[in-house]
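# Notes for the structure review
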Amino acid sequence: MMNVKFDGLDAAENRIVYVRPIAVESLPEKVRAQINGMKTVYAVHGEDGEQLALVADRDLAFSLARQHDMAPVNAH
């Protein structure tokens with residue numbers, strides 16, 4: 001399982017975040033090197049589109065957002 005820690009989640013002003021799947025092949029090589037055999041990971045984005053976190057699966061993305069008192073929604 002690959003998780004990229006992001007300490008900035010608590011600083012978000014807007015409490016809505018968007019969770020969307022990301023094709024591993026579209027990520028930078030440095031990030032792909034940390035991912036073992038997965039084809040898709042999930043990104044958590046703020047309202048302005050800034051990527052706040054990158055995690056191994058959708059459930060983890062939603063759980064992470066809720067742990068930081070944010071309201072996650074799907075984005076495609």
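Read on for a plain summary of the structure. On a predicted model such as this, the values are computed, not experimentally measured, just so you know. (Residues numbered from 1 in each chain as written. Predicted model: local features only at pLDDT ≥ 70, side-chain atom pairs only at ≥ 80, totals over all residues. Heavy atoms only, no water.)

## A few points about the overall build of the protein
If you tally the helices and strands in the protein, you get two helices and four strands. Helices and strands appear in the protein in the N-to-C order β-α-β-β-α-β. When burial is assessed residue by residue, the protein has 34% of its 76 residues classed as buried. For the protein, restricting intrachain contacts to residue pairs at least 6 apart in sequence, the fraction spanning at least 24 positions comes to 53%. (Helix = DSSP H or I, 4+ residues; strand = E, 2+ residues; numbered from the N terminus. Buried < 20%, exposed > 50% of the residue type's maximum accessible area, 1.4 Å probe, protein only. Contact = heavy atoms within 4.5 Å.)

## Section: the pairing of strand S2 (residues 40-45)
Of the strand pairs in this sheet, strand S1 (residues 16-23) and S2 are connected by six bridges, and their pairing is antiparallel. Opposite Val19, over in S2, you have Val44 as the bridge partner. In terms of strand pairing, S2 meets strand S3 (residues 51-55) through four bridges, oriented antiparallel. Among the inter-strand pairings, His45 is bridged to a residue of S3, identified as Gln51. (Pairing = 2+ DSSP bridges.)

## What to know about the sheet that holds strand S4 (residues 71-74)
The strands making up a sheet associate through backbone hydrogen bonding, with each pair oriented either parallel or antiparallel. Taken together, four strands build an open sheet; the order of strands is S3-S2-S1-S4 and the sheet is mixed. At either margin of the open sheet sits one strand with a lone partner, and together these are S3 and S4. Taking the axes of each pair of neighbouring strands and ignoring which way they run, one obtains an average angle of 30° across the sheet. (Axes fitted to C-alpha atoms, helices over the stretch in contact; angles between N-to-C directions.)

## Points about the packing of aromatic side chains
Evaluated as defined, the whole model comprises zero aromatic pairs. The ring centre of Phe62 lies 4.2 Å from the NZ or CZ of Arg58, which sits over that ring. (Phe/Tyr/Trp six-rings, centres within 6.5 Å; stacked < 30°, edge-to-face > 60°. Lys NZ or Arg CZ within 6 Å of the ring centre and 35° of its normal.)

## Some remarks on the nonpolar core
Formed by Val17, Val19, Val44, Leu52, Ala53, Val55, Ala61, Phe62, Leu64, Ala65 and Met70, the largest nonpolar core amounts to eleven residues. When contributions to this core are tallied by element, the ones reaching two or more residues are S1, S3 and helix H2 (58-67). Per-element tally for this core: the top contributor is H2, with four residues. Excluding anything up to four places from it in sequence, Phe62 contacts Val19, Pro72, Val73 and Asn74. With seven residues, the next largest nonpolar core counts Ile22, Leu27, Ile35 and Ala43 among its residues. (Core = buried A, V, L, I, M, F, W, Y, C linked by side-chain atoms within 4.5 Å.)

## Looking at the side chain of His45
The residue His45 is located in strand S2 in this model. For His45, a relative accessible area of 9% puts it in the buried group. Here Gly49 takes part through its backbone oxygen, which lies 3.0 Å from a polar atom of the side chain of His45. Excluding residues that lie within four positions of it along the chain, His45 makes contacts with Val17, Tyr18, Arg20, Glu50, Gln51 and Leu52. (Polar contact = N/O pair within 3.5 Å; in protein donor to acceptor, adjacent residues only side chain to side chain.)

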